[in-house]
Amino acid sequence: MMIKKEELKENINFYSYSSLLIVLFCLMCSVRFLSASPFVEKGITSLLYFFSFSFFYYSFIGLLISLPCFLLSIVGLRRTAIFLFICCESLFFIYFVADTFVYQQFRMHLNFAMLQMTLMGGGQVVSFSASMILQILSYVLVCGCIALLCCYLIKRYLTKRSGIGLLATLFIVTGFLSVQVIFGVSFARQETQLTQVKQLLPLVRPLRFNKLLIKVGLVTPEQIYSVKTVTSSGRMNYPPKLNCGEGKGYNILFLFIDALRFDMITPEVMPNVYKFSKQSLVFKDHYSGGINTRHGIFTLFTGIPGSYWEASLQSKSGSALISALQQNNYAIGIFTGAPLTMPEFNQTIFADVPNLRLDSRGNTPLERDENAIYDFEKWLTTLPKGQRFFSFIFLDNVHASEFPIGKEYEIFKPYWKEINHLKLDNNFDRTEFFNRYKNSAHFADLQLGKILSSVSRYVDLENTIIVIGSDHGEEFNDNKLNFWGHNGNFTKFQAKTPLVIRWPGKGHLEIEERTSMLDIVPTILPEVLGCTNPINEYSAGLNLFSQDLKKRQFVYSSNYSQNAFIEKERIILINELGILNFLDNNYRPSKDKSIPVYIPKVLEETSKFSK
């Protein structure tokens, strides 16, 4: 049945005004987010943007909620549409109010995982008293009444005003686009006084368009990649003030290879590192804090979960390791084949390093790695005699599966001459691809051999800690689920990495206990740099030499859209919507779907460093 023109105008007015009333409710509630944040201290401009963003963003969400209801109404199902709209509006109100309470307590937003853990956690997260249940029910009732009242007022007083609804819709869409553009420009210019709305408000997914802004000339690459000083009212309460005295004075050298699997340190693939491992501590069950470079390296230098990445990027918080090294007057040299601006390590873990080397010269990963090694060796020779140093070398050729052409480098045959990811599927024979990868790992081993030889000429090895590891693993359909590369799952082939540490006076030992990338910082700070703070003040990891490793129940890991708790027999995932998923070590559904007992600890450790 076709709807009349007058009824169509009324429907447009009804749903347009409903979107505005939804946001008025959200604006009133959003004050609660401000009360739990230092954002309010940033001045009138920040507050105006906060409320403008909240108004237009949630108005736009209101339009999205109302759209299917509007479509139902124009085909003659007006009562059904209004009933559905009131239900959706009520649920949104309930969610928003509940989220304000969750955020004030945990500094995180409500998601399905929290609901699941709360309702099914057996009281481990929240214990519901009778009065608390009654209060929750009263909030639910109030939200439902507000939704009904809004619809009643709009229906009675506003739907007859011809043309106003279309103007309201245009106003909402224009405002929504405007606050998105402001956010994108502010993010590119590192104006954190505005971009913190992303962390403060729930369901927010603002746009970023750095490349477009550079192309049209609104910002420069220098503005995007430079580091600005952030005041103490930033988003991170990290790192805390460290009490670091005169440590043992060891030099510290990190030699990391991007995407190196845990099973590559063999006499055939990496003979130099294998020989080195026989004089070192070898951690046999070591897991990265992330299955991508961003989270893997972030957790290496901070000792905190990768879920803090966005907050660190917003606040330019630096890292506990760099802070402690600077307190001990270490020379710091960072030499990477890939640029430090993608991911933005220059604005996170190395934000406090002056004169940071951002990238390498060269047109290929091999050339850029060579340049990084050359610059490291040159830097090493310029250090004053007796100067303690820390250096991080990060090679990229394995990530790209690149190695020079020549018989001395083509060890594993046959190998894939040209990588074509379109050919990869669950039935693809991985042999040639995997051989190519092993050839690249073999070449990286030759490079590490050169670095170790160079270091031995200029540095007292008996006074130097050398750490060899990787940011994440690399899968070649090992689990027969058509996973290739990394950032796809949290099985050992992507999350487990090698860790070999030559530590003066400790000799060779193979450690079987599970360790984490988050454990590096809480080992070096007290053992080498003389930091006396309790470890839990600056890290969620453990000292690698602690007996607590035997009691460990899980390790953290992250990727761009999920966080994981990797246990001995299962992997628990939380995706960006907050939905829990229980898998076994082969990434099949786990029969054990019990809520883990360590959830209260997780809630504390993933929020304690947020302001």
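Look above for the structure.
Residues numbered from 1 in each chain as written. Predicted model: local features only at pLDDT ≥ 70, side-chain atom pairs only at ≥ 80, totals over all residues. Heavy atoms only, no water.

A. Highlighting the overall build of the chain. Along its length, the chain carries 19 helices and 13 strands. Looking at the chain as a whole, 56% of its 611 residues are labelled buried. Total accessible area computed for the chain in this model is approximately 26900 Å², and 59% of it derives from carbon and sulfur atoms. (Helix = DSSP H or I, 4+ residues; strand = E, 2+ residues; numbered from the N terminus. Buried < 20%, exposed > 50% of the residue type's maximum accessible area, 1.4 Å probe, protein only. Areas by Shrake-Rupley, 256 points an atom, 1.4 Å probe, with all protein chains shown as cover.)

B. Representation of the pattern of salt bridges within the structure. This structure, assessed with the given rule, holds 16 salt bridges. As a salt-bridge pair, Arg261 and Asp263 come within 2.9 Å of each other at their nearest N and O atoms. Where Glu513 meets Lys550, a salt bridge forms, and the shortest distance between an N and an O atom there is 2.9 Å. One end of the pair, Glu513, is in strand 9 (residues 509–516); the other, Lys550, is in the loop between helix 18 (521–527) and strand 10 (555–558), and 37 residues separate them in sequence. With relative accessibility at 55%, the residue Lys550 sits in the exposed group. (Salt bridge = Lys/Arg side-chain N within 4 Å of Asp/Glu carboxyl O.)

C. The nonpolar core, seen in detail. Counting residues in each nonpolar core, the largest one holds 92 residues, and the members touching the most others are Phe254, Phe301, Phe350, Phe390 and Phe392. In terms of residues, this core owes the most to one element, helix 2 (residues 44–74), which gives 11 residues. Excluding residues within four positions of it along the chain, Phe301 makes contact with Tyr238, Phe254, Ser319, Ala320, Leu321, Ile322, Ile349, Phe350, Phe390, Phe392 and Val521. Within the second largest apolar cluster, 40 residues are counted, among which are Leu260, Met270, Leu380 and Leu424. (Core = buried A, V, L, I, M, F, W, Y, C linked by side-chain atoms within 4.5 Å. Contact = heavy atoms within 4.5 Å.)

D. Seen up close, the packing of aromatic side chains. For the structure shown, the criterion picks out 48 aromatic pairs. The structure contains a cluster of three or more aromatic residues connected by ring pairs, namely Phe33, Tyr49, Phe53, Tyr57, Tyr58, Phe60, Phe92, Phe96 and Phe176. Looking at Lys496, its charged tip hangs above the ring of Phe262, at a distance of 4.6 Å from the centre. Above the face of the Phe545 ring, Lys506 is positioned so that its terminal group lies 4.3 Å from the ring centre. (Phe/Tyr/Trp six-rings, centres within 6.5 Å; stacked < 30°, edge-to-face > 60°. Lys NZ or Arg CZ within 6 Å of the ring centre and 35° of its normal.)

E. Structural context of the state of the cysteines. According to the stated counting rule, one finds one disulfide in the structure shown. Covalently, Cys244 is tied to Cys531 through a disulfide, its sulfur atoms 1.9 Å apart. Because the torsion about its S-S bond is 95 degrees, the bridge between Cys244 and Cys531 counts as right-handed. Here Cys531 lies in the loop between helix 18 and strand 10 and Cys244 lies in the loop between helix 10 (221–225) and strand 1 (251–257), a separation of 287 residues in the sequence. (Disulfide = S-S within 2.5 Å.)

F. A look at the packing of helix 15 (residues 365–382) against helix 16 (residues 431–458). Here helix 15 crosses helix 16 at 10 degrees, and the two axes come no closer than 10 Å. Taken together, the axes of helix 15 and helix 16 are roughly parallel relative to one another. Contact with helix 15, carried on its side by Leu366, Glu370, Ile373, Phe376, Glu377, Leu380 and Thr381, involves Phe443, Gln447, Lys450, Ile451, Ser454, Val455 and Tyr458 of helix 16 and no other residues of that element. Residues that form the contact of helix 15 with helix 16 fall into these classes: eight nonpolar, three polar and three charged. (Axes fitted to C-alpha atoms, helices over the stretch in contact; angles between N-to-C directions. Parallel < 35°, antiparallel > 145°, perpendicular 65-115°, else oblique. Nonpolar A, V, L, I, M, F, W, Y, C, P; charged D, E, K, R; others polar.)

G. Here's a closer look at the environment of Asp99. Secondary-structure assignment places Asp99 in helix 3 (residues 78–106). Distance from Asp99 to Phe33, taken between C-alpha atoms, is 9.1 Å for residues 66 residues apart in sequence. Once residues lying within four places of it in the same chain are set aside, the contact partners of Asp99 are Phe33, His109, Leu110 and Pro202.

H. A look at the sheet that holds strand 3 (residues 331–336). Spatially, seven strands are ordered 3-4-1-5-8-2-9 in an open sheet, and the strand pairing comes out mixed. Both edges of this open sheet fall to strand 3 and strand 9, since each of them pairs with a single strand only. Strand-to-strand twist of the sheet, defined as the mean angle between neighbouring strand axes without regard to direction, takes the value 15 degrees. (Pairing = 2+ DSSP bridges.)

I. Highlighting the side chain of Asp285. Here Asp285 shows up in strand 2 (residues 281–287). With a relative accessible area of 10%, Asp285 lands in the buried category. Within the structure, Asp285 has its side chain in polar contact with the side chain of Lys568 (distance 3.3 Å). Once residues within four sequence positions are removed from consideration, Asp285 is found in contact with Lys496, Ile511, Glu512, Glu513, Arg514, Thr515 and Lys568. (Polar contact = N/O pair within 3.5 Å; in protein donor to acceptor, adjacent residues only side chain to side chain.)

J. Up close: the pairing of strand 1. Taken across its seven residues, strand 1 has seven buried, putting it largely inside the fold. Along strand 1, one buried face is formed by Asn251, Leu253, Leu255 and Ile257 and the opposite face, lined by Ile252, Phe254 and Phe256, is buried too. Across seven bridges, strand 1 lies against strand 5 (residues 464–470) in parallel orientation. The residue of strand 5 that forms the bridge with Phe254 is Val467. In terms of strand pairing, strand 1 meets strand 4 (residues 389–395) through six bridges, oriented parallel. Its bridge partner being in strand 4, Ile257 is matched across the sheet by Leu395.

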